[in-house]
Amino acid sequence: MVYIFYLELLMCTVTFAKSVPADFKEEPLENEVITYDFPFVRRGKWNARKPKHTLHLNVPVPYVVIHHSYSPPACEDGISCAQAMRSMQNYHMDEHEWWDIGYNFGIGGDGAAYEGRGWTVLGAHSLRFNNYSLGICLIGDWRYKVPPARQIKTAKELISTGVDLGFIKTDYKLIGHRQVRETECPGDALYEEIKQWKNYSPFPATVTDLPDVVEIPESIRGQWKENGTMKS
């Protein structure tokens, strides 16, 4: 039991509602026509499973949340990075019974961005914060060392592209997963690294700050303050 709890702290795991409106219809993923100036691998190319359901994410989002996978470990080529994406998706869908891989995007050590839920589908990466953010996972365990330069470069380029395309607010705030959940994610080394990135925000500092995040509706924040249920 202690081992399982420790893994929960290391990995970017969250809970996600399983209900979906009866009249909700999925948007065809194949309608995506955006091109990119960096390596970008669409879902079909890494053999993603079809999501069980999808919900729309209201964009542009005010936050970008950076994660590491912890497990699977770092990948260095297209084959191993695609396998890592499938491994995460299988774990999220089969073990947690989520609708899909939790992240909006994955970034591989090969320098490619991998499409997860994408720009406009609600993620399952940051408990209580999914509605206000995009989740980007840098594949690997980044507790003790930073990701390769090309992996970091692509992560930054993906965020910049999201701003240019109108999916991320121009004045967005960049945070690490640990700032909105009790977890070690995105690893100490990567967390120190992203503090140097454009638009990094030290607030919220921890999950206990969420009731004071103005981008979250006051009605929700008021309930948290009244119930005192912020710790996960």
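Going by what an unreviewed UniProt entry lists, the protein chain is known as Peptidoglycan recognition protein and is assigned to Pieris brassicae. The record in UniProt for the protein chain states the following under Subunit (unreviewed entry): "Monomer." Per its UniProt entry, the protein chain bears the Sequence similarities (unreviewed entry) comment "Belongs to the N-acetylmuramoyl-L-alanine amidase 2 family."

### Some words on the pairing of strand E5 (residues 133-138)
Burial analysis of E5 places 6 of its 6 residues in the buried class, the great majority of the element. Covered by surrounding structure in E5 are Ser 133, Gly 135 and Cys 137 together with Leu 134, Ile 136 and Leu 138, the residues of both alternating faces. As paired strands, strand E2 (residues 61-68) and E5 are joined by 6 bridges and run parallel to one another. If you follow Val 65 over to E5, its bridge partner there is Gly 135. The pairing of strand E3 (residues 105-107) with E5 spans 3 bridges and is classified as parallel. Looking at E5, one finds that Phe 105 is bridged to Ile 136.

### Description of unusual backbone geometry
For the bond from Val 59 to Pro 60, the omega torsion is 5°, close enough to zero to count as cis. Take Pro 60: it is sitting in the loop between strand E1 (40-41) and E2. Here the bond from Cys 185 into Pro 186 is cis, since omega is 15°, no more than 30 degrees from zero. Tracing the backbone shows Pro 186 in the loop between strand E6 (168-176) and helix H4 (188-194). Located in the positive-phi region is Tyr 70, a residue other than glycine, with phi close to 60°. Within the element layout of this structure, Tyr 70 appears in the loop between E2 and helix H2 (78-95). A relative accessible area of 19% places Tyr 70 in the buried class.

### Digging into the sheet that holds E3
Pairing within the open sheet is mixed, and its 6 strands lie in the order E1-E4-E3-E5-E2-E6. Of all strands in the sheet, those bounded by a partner on one side alone are E1 and E6. With 2 bridges joining them, E1 and strand E4 (residues 113-115) adopt parallel strand pairing. Within E4, the position partnered with Val 41 by the bridge is Tyr 114. Contacts between H2 and the sheet are confined to E3, E4 and E5, with E4 contributing the most and set at about 40° to the helix.

### Things to note about the side chain of Asp 100
For Asp 100, the position within the fold is in the loop between H2 and E3. If near-sequence neighbours (up to four positions away) are discounted, Asp 100 is found in contact with Arg 43, Arg 49, Pro 51, Gln 89, His 92, Met 93 and Arg 117.

### So, H2
In a regular helix each residue adds 1.5 Å, so 18 residues correspond to 26 Å; H2 covers 25 Å between its end C-alpha atoms and thus fits that length. Along H2, the residues that are buried comprise Cys 81, Ala 82, Ala 84, Met 85, Met 88, Gln 89, His 92 and Met 93. Along the axis of H2, the buried positions cluster into a sector of 155°, meaning they face one direction only. Structural note: H2 exposes Ile 79 and Glu 95 on the side pointing more than 90 degrees away from its buried face. Those residues of H2 hidden inside the fold are in contact with E3, E4 and E5. Between a side-chain oxygen at the N-terminus of H2 and the backbone nitrogen of Ile 79 the separation is 3.1 Å; the capping residue is Asp 77.

### Some remarks on the packing of aromatic side chains
Per the counting criterion, the structure on display carries 8 aromatic pairs. Ring geometry for Phe 40 and Phe 105: centres 6.1 Å apart, planes at 65°, overall edge-to-face. With a gap of 65 residues between them, Phe 40 in strand E1 and Phe 105 in strand E3 connect regions that are remote in the sequence. Of the two residues examined, Phe 40 and Phe 105, each falls in the buried class. Ring pairing ties together the aromatic residues Tyr 36, Phe 38, Phe 40, Phe 105, Trp 119 and Phe 167, which thus form one cluster.

The rules we used
Residues numbered from 1 in each chain as written. Predicted model: local features only at pLDDT ≥ 70, side-chain atom pairs only at ≥ 80, totals over all residues. Heavy atoms only, no water. UniProt positions renumbered as here; feature names shortened; annotations may be inferred. Buried < 20%, exposed > 50% of the residue type's maximum accessible area, 1.4 Å probe, protein only. Helix = DSSP H or I, 4+ residues; strand = E, 2+ residues; numbered from the N terminus. Pairing = 2+ DSSP bridges. Contact = heavy atoms within 4.5 Å. Axes fitted to C-alpha atoms, helices over the stretch in contact; angles between N-to-C directions. Expected span 1.5 Å × (residues − 1). Arc of directions from axis to C-beta. Polar contact = N/O pair within 3.5 Å; in protein donor to acceptor, adjacent residues only side chain to side chain. Phe/Tyr/Trp six-rings, centres within 6.5 Å; stacked < 30°, edge-to-face > 60°.

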